[in-house]
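# Architecture and fold: a report
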Amino acid sequence: MQLDLSHPEFKAAIPIMKAIEAAGYEAYFVGGSVRDALLGLPIHDVDIASSAYPAEIKQIFQRTVDTGIQHGTVMVLDHGTGYEVTTFRTESGYQDFRRPDQVTFVRSLAEDLKRRDFTVNALAVRHDGTVIDLFGGLDDLTAKQLKAVGNPHERFHEDALRMMRGVRFESQLGFQLESATKAAIAENAPLLAHVSVERIAAEFTRLLTGIARQAGLTDFLATGLYRYAPLLDDQEAAITKLAAASGPQWAEPAVGWTLLAHLTQVPVVALMRAWKQANAMTELVKRATVLLGQLPTPSAWALYQAGAAALPVALAAAQALQPDFDAAPVAQAYQMLPIQAKSALAIDGKTLIAHGFAPGPKLGQVLNQLEQAVVAGELANDQAALLKAAGV
Ligand SMILES: Nc1ccn([C@@H]2O[C@H](COP(=O)(O)OP(=O)(O)OP(=O)(O)O)[C@@H](O)[C@H]2O)c(=O)n1
């Protein structure tokens, strides 16, 4: 089997691989870019694996950076581009289910590939495009199957995050977990408790935004992984509903978080803190969740509070729950709001003070009332009318 390496990312790295081979070592493209290229998907960074030790890579190339030398990764700089070259390695120990106690560099490609997570991620490609498939990864790509390399229990004990990667790839690629691999996830799900929330959240976010999130979420439930995810341990019913939400795919993670908050009824701030999400994301989800709760006939204030950023998030969430949901009237109601932001209010604190309003906490309250009255259409957004309503 040959892989067409005409993709610019691969093409640019071929001279690096040839230089490594000319020095007497082996070099292969490995990992996600090989998998995605074979599937005809867009690829991002290419990873190179080599039999050369880091010190040997540094002898071959003039310009290198020690980006992860303790794990065997050296970045080779070539015409302003960096290429990560990682020495073939095996790992042992894994007493904490997430990090190897010891990384050992090896000269054998097979030794390196056999410690990778899934067969479709354990393919290697030479610079002439020859695919090396030691574990049936090509057949599994065709069968759209995620099968652990070798003994699945061992793979998940090495790094418990791989179980989340499994359900993430189901969603991202539209693949299915092979039955023994899935059974091993169900058995080892409690190991997820050893993995940091940040790493779990990164996988879960990708699961939520995938083309086949229904399949990913169904197995997130079926394997019991959800029991070890922040604040979701008793949310089987809500996740079942989320898995059944059949609307189109969304690219924006906030849509998934909004649906999760809506269905679980967990307060947004608590949910997002537990998942260690950034404040900006929490704020967006908070606004979208309030609006979603009021659809299809939201108050003008909820629409206004949602703003241009949270409005499409809430609408996409509503469409996921109800594919025939008609977003147009809601979008139109937003466009018809008298103002869409506080900056558009025809009055501000300075103006009120200039007209004799005393500075202090009352000023803020009055401004807020004026803003609400304008949004509700009860007061014209006109400075004279607003000054009058404020009593100055
Ligand atoms: N827990 C992990 C993480 C990674 N890998 C191996 O390292 C490669 C690169 O990992 P990474 O870049 O994290 O993911 P990709 O598989 O490349 O997928 P994506 O780019 O979509 O995240 C994987 O293909 C796999 O061979 C692994 O065995 N176990």
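Residues numbered from 1 in each chain as written. Predicted model: local features only at pLDDT ≥ 70, side-chain atom pairs only at ≥ 80, totals over all residues. Heavy atoms only, no water.

As recorded in an unreviewed UniProt entry, the protein goes by CCA-adding enzyme and comes from Lacticaseibacillus suilingensis. Looking at the protein in UniProt, the text filed under Cofactor (unreviewed entry) is "Mg(2+)". Taken verbatim from the UniProt record of the protein, the Subunit (unreviewed entry) comment is "Homodimer." (UniProt positions renumbered as here; feature names shortened; annotations may be inferred.)

This next bit is on the overall build of the protein. A count of helical and extended segments in the protein gives 19 helices and 11 strands. Whereas a compact globule of 392 residues would reach a radius of gyration of roughly 21 Å, the protein reaches 27 Å, over 25% beyond that. Taking the principal axes of its C-alpha atoms as reference, the protein extends roughly 85 × 50 × 40 Å. Put simply, the protein has 392 residues, and 49% of those count as buried. Sequence-distant contacts, at least 24 apart, represent 63% of the contacts inside the protein between residues at least 6 apart. (Helix = DSSP H or I, 4+ residues; strand = E, 2+ residues; numbered from the N terminus. Rg over C-alpha atoms; globule rule 2.2 N^0.38 Å. Buried < 20%, exposed > 50% of the residue type's maximum accessible area, 1.4 Å probe, protein only. Contact = heavy atoms within 4.5 Å.)

Another point: the pairing of strand E5 (residues 81-87). Both strand E2 (residues 47-50) and E5 contribute to a ladder of 3 bridges, which runs parallel. In the strand pairing of E5, Ile48 is matched with Val85. The pairing of strand E4 (residues 73-78) with E5 spans 6 bridges and is classified as antiparallel. Counterpart to Val76 in the pairing with E5 is Tyr83. Hairpin remark: E4 followed by E5, antiparallel, with 2 residues in the connecting loop; positive phi at His79, about 50°. (Pairing = 2+ DSSP bridges.)

So, on to the packing of aromatic side chains. Within this structure, the stated rule accounts for 10 aromatic pairs. Three or more aromatic residues joined by ring pairs form one cluster here, namely Phe204, Phe220, Trp257 and Trp275. In this structure, Arg107 is placed above the aromatic ring of Tyr53, and the distance from its NZ or CZ to the ring centre is 3.7 Å. When the ring centre of Phe169 is taken as reference, the NZ or CZ atom of Arg168 above it lies at 4.2 Å. (Phe/Tyr/Trp six-rings, centres within 6.5 Å; stacked < 30°, edge-to-face > 60°. Lys NZ or Arg CZ within 6 Å of the ring centre and 35° of its normal.)

The next point concerns the sheet that holds strand E8 (residues 124-125). If you walk across this open sheet you meet the 7 strands as E3-E4-E5-E2-E1-E8-E9, and the pairing is mixed. Strands with a single pairing partner mark the edges of an open sheet, and in this sheet they are strand E3 (64-68) and strand E9 (131-132). One ladder, built from 2 bridges, connects strand E1 (residues 27-30) with E8; its direction is antiparallel. Bridged to Phe29 within E8 is Val125. Running at roughly 150° to E1, helix H1 (residues 8-22) makes contact with E1, E2, E4, E5 and E8 of the sheet. (Axes fitted to C-alpha atoms, helices over the stretch in contact; angles between N-to-C directions.)

Turning to the UniProt feature "binding site: Mg(2+)" (unreviewed entry) in the protein, a few remarks are in order. In this structure's numbering, the residues bearing the UniProt feature "binding site: Mg(2+)" (unreviewed entry) are Asp45 and Asp47. Tracing the backbone through its elements, the reader meets Asp45 in the loop between helix H2 (32-38) and E2. When its relative accessible area of 62% is taken as the criterion, Asp45 is described as exposed. If sequence neighbours within four positions are ignored, Asp45 has contacts with Glu9 and Ser33. By the element assignment, Asp47 lies in strand E2. Setting aside chain neighbours within four positions, we find Asp47 in contact with Tyr28, Phe29, Val30, Ser33 and Glu84.

Every one of the 13 residues lining the ligand counts as a neighbour, but Asp117, Asn121, Asp159, Arg162 and Arg206 are closest to it. Measuring from an oxygen atom of the ligand, one finds a backbone N or O atom of Gly32 at 3.1 Å. Arg165 places a polar side-chain atom, nitrogen or oxygen, 3.2 Å from an oxygen atom of the ligand. The fraction of the free accessible surface of the ligand (560 Å²) that becomes covered by protein chains is 73%. At the level of elements, H2 and helix H7 (161-173) are the ones that each hand at least two residues to the shell around the ligand. Looking at the shell around the ligand element by element, the count peaks at 5 residues for H7. (Near = heavy atom within 4 Å. Polar contact = N/O pair within 3.5 Å; in protein donor to acceptor, adjacent residues only side chain to side chain. Areas by Shrake-Rupley, 256 points an atom, 1.4 Å probe, with all protein chains shown as cover.)

What follows covers the pattern of salt bridges. What the rule picks out here adds up to 18 salt bridges. Where Glu56 meets Arg107, a salt bridge forms, and the shortest distance between an N and an O atom there is 2.8 Å. With Glu56 in helix H3 (residues 54-60) and Arg107 in the loop between strand E7 (102-105) and helix H4 (109-113), this pair connects stretches of sequence that are 51 residues apart. Asp66 is the salt-bridge partner of Lys58, the closest N and O atoms lying 2.9 Å from each other. A residue is classified by how much of its surface remains accessible, and Asp66, at 41% relative accessible area, is partly exposed. Among the charged side chains, a salt-bridge network with shared partners connects Glu154, Arg155, Glu158 and Arg162. (Salt bridge = Lys/Arg side-chain N within 4 Å of Asp/Glu carboxyl O.)

Relative orientation of the contacting elements helix H11 (residues 236-244) and helix H12 (residues 253-264) amounts to 135°, with a least axis distance of 9 Å. On the basis of the axis angle, H11 is oblique to H12. Crossing of H11 against H12: the hand is right-handed. Listed contacts from H12 to Ala238, Lys241 and Leu242 of H11 are Leu259, Leu260, Leu263 and Thr264. (Parallel < 35°, antiparallel > 145°, perpendicular 65-115°, else oblique. Left-handed = near helix turned anticlockwise from the far one by under 90°.)

Neither face of E1 is left uncovered, since the one carrying Ala27 and Phe29 and the one carrying Tyr28 and Val30 both have all their residues buried. Two elements, E1 and E2, share 4 bridges in a ladder whose sense is antiparallel. Within E2, the position partnered with Ala27 by the bridge is Ser50.

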